[in-house]
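Observations on the three-dimensional arrangement
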Amino acid sequence: MVYGEQESVDALQTSLLSQLEVTDEGDLHYWLGEALLELSEDPVMVREGIYHLVHSLRILSKTSEDNTYGRAKLKRNCLSTAMRLRQIRNGRRINVSHELVIDICEIAVQLDDGNYLPWSLLAQEFAETMQYKKGLETGLKALELNSKDSYAHNAVAKCYEGLGDIHRARHHFMLRAKLQNTPDGFRIVTDYLERMGEFESALDMARSWFELEPKNPLAYTRVQQMSERLGKADYIYSESLLDNDRDRLKRRNDLEEEILYKAVATGDS
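Summary of the structure given here. These numbers were taken from a predicted model, which means no experiment stands behind them.

For the coordinates displayed, the defined rule picks out 17 salt bridges. The salt bridge partner of Arg-84 is Glu-34, with a shortest N-O separation of 3.4 Å. On the criterion of sequence distance, the pair formed by Arg-84 in helix α4 (residues 68–90) and Glu-34 in helix α2 (residues 26–39) is long-range, its members being 50 residues apart. The partner of Arg-187 in a salt bridge is Asp-184, with the nearest N and O atoms 2.5 Å apart.

This is the structure in structure tokens:
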């Protein structure tokens, strides 16, 4: 955090907290939570930000039953909070309970069951916690609403693999890579194909990953491993290609997730 940012966080927090002394309005908690998470990397402030986001949902859920505007706010806040919590966990800022995110996603599904995104988020949470039957059910629902959702394909693939249906798992992993066309997508499919013993296909996928990220040493290593396993000579690699670019994949994925998150938070999903 650069000089001056902490003063801005403190001033904003003081302003919103002073209003909360007068009213316990849900949206004030929401925006205070957002501000703390956006402007501070301090784990204590991150936890406080999460508290205010979740408390906002508690308040809105009690006051929005017969209030159309309140339900709209609750729907928006549930979806954006679930995405924000996943973002925090994936960024390893602090650990975030899967149970908490699942509870929020289930509320989001109830409020907007025609929107693929809460179904997709729920499927991802179930897949990550090895609740494969639930993940498959919710993931297929997400794909019914949006067949081009690469994250839902990934969740469905994980669930099929967990349930032992290798052929369907492969189908959805391949669709995920095709739809997403990102290094992360090719990495996941490379790992899956190797697990299944499909080394030729794994090499092709690793090559696609390396072509997108020629400066990523991990991508090169995977190509090299598959090539050696198959007795093939492949790419000649130089350490000079790295050029301090080891974190580019993480930055790119974080940026994509942040863009999607902000679109949902502002109602542009």
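There's plenty left to go through after this.
In this section: unusual backbone geometry. A positive phi is found at Met-130, a non-glycine position, where the angle reads about 60 degrees. Summarising the element assignment, Met-130 is placed in the loop between α6 (116–128) and α7 (132–145). Of note in this structure, Asn-181 is not a glycine but carries a positive phi near 50 degrees. Topologically, Asn-181 is positioned in the loop between α9 (166–180) and α10 (183–195). Residue class for Asn-181 comes out partly exposed when judged on its relative accessible area of 43%.

Next up on the list: the packing of α6 against helix α8 (residues 150–162). Relative orientation of the contacting elements α6 and α8 amounts to 30 degrees, with a least axis distance of 9 Å. In terms of orientation, α6 and α8 fall into the roughly parallel class. Both α6 and α8 take part in a crossing whose hand is left-handed. In contact with Ser-120, Ala-123, Gln-124, Ala-127 and Glu-128 of α6, α8 contributes Tyr-151, Ala-152, Ala-155, Lys-158 and Cys-159. Per-class residue counts for the contact of α6 with α8 are six nonpolar, two polar and two charged.

Turning our attention to the packing of helix α5 (residues 98–111) against α6. A pair of packed helices can be characterised by two numbers: the angle between their axes and the separation between those axes. α6 packs onto α5 with a crossing angle of 155 degrees between their chain directions and a minimal axis gap of 9 Å. Judged by the angle between their axes, α5 and α6 are roughly antiparallel. By crossing handedness, the relation of α5 to α6 is classed as left-handed. Contact residues: α5 offers His-98, Val-101, Ile-102, Cys-105, Glu-106, Ala-108 and Val-109, while α6 offers Pro-118, Trp-119, Leu-121, Leu-122, Glu-125, Phe-126 and Glu-128. Its residues placed into classes, the contact of α5 with α6 shows 10 nonpolar, one polar and three charged.

All chains considered together, the criterion is met by three aromatic pairs. Their ring planes at 80 degrees and their centres at 4.8 Å tell us that Tyr-30 and Trp-31 sit as a pair that is edge-to-face. In this arrangement the basic side chain of Arg-76 is found over the ring face of Tyr-30, its NZ or CZ atom lying 5.3 Å from the centre.

The rules behind each value
Numbers given for residues are sequential positions, taken from 1 along each chain in its written order. In view of the model being predicted, local features appear only for residues whose pLDDT reaches at least 70, and side-chain atom pairs are presented and counted only at 80 or more, with totals across whole chains, interfaces and linings using the full set of residues. Each side-chain value is derived from all of the structure's non-hydrogen atoms; neither hydrogens nor water enter the calculation. Should a side-chain nitrogen of Lys or Arg be within 4 Å of a carboxyl oxygen of Asp or Glu, the pair is scored as a salt bridge. Strands are runs of DSSP state E lasting at least 2 residues, helices are runs of H or I lasting at least 4, and numbering of each runs from the N terminus. The buried label goes to any residue with under 20% of its type's maximum accessible area, the exposed label to any with over 50%, and the partly exposed label to all in between, with areas taken from a 1.4 Å probe on protein chains only. Angles run from 0 to 180 degrees between N-to-C directions of axes, and those axes are lines fitted to C-alpha atoms, restricted for helices to the stretch in contact. When describing relative orientation, an angle under 35 degrees is termed roughly parallel and one over 145 degrees roughly antiparallel, while 65 to 115 degrees is termed roughly perpendicular and anything else oblique. By definition, turning the near helix anticlockwise from the far helix through less than a right angle yields a left-handed crossing, and turning it clockwise yields a right-handed one. For this analysis, residues touch if any pair of their heavy atoms sits within 4.5 Å. Under the scheme applied, nonpolar residues are Ala, Val, Leu, Ile, Met, Phe, Trp, Tyr, Cys and Pro; charged residues are Asp, Glu, Lys and Arg; polar residues are all the others, including Gly. Here is the rule: rings of Phe, Tyr and Trp (six-membered ring for Trp) pair when centre to centre is within 6.5 Å. Planes less than 30 degrees apart are stacked, more than 60 are edge-to-face, and the remainder are tilted. Placement of a positive charge over a ring is assigned whenever Lys NZ or Arg CZ falls within 6 Å of the ring centre and within 35 degrees of the normal to the ring plane.

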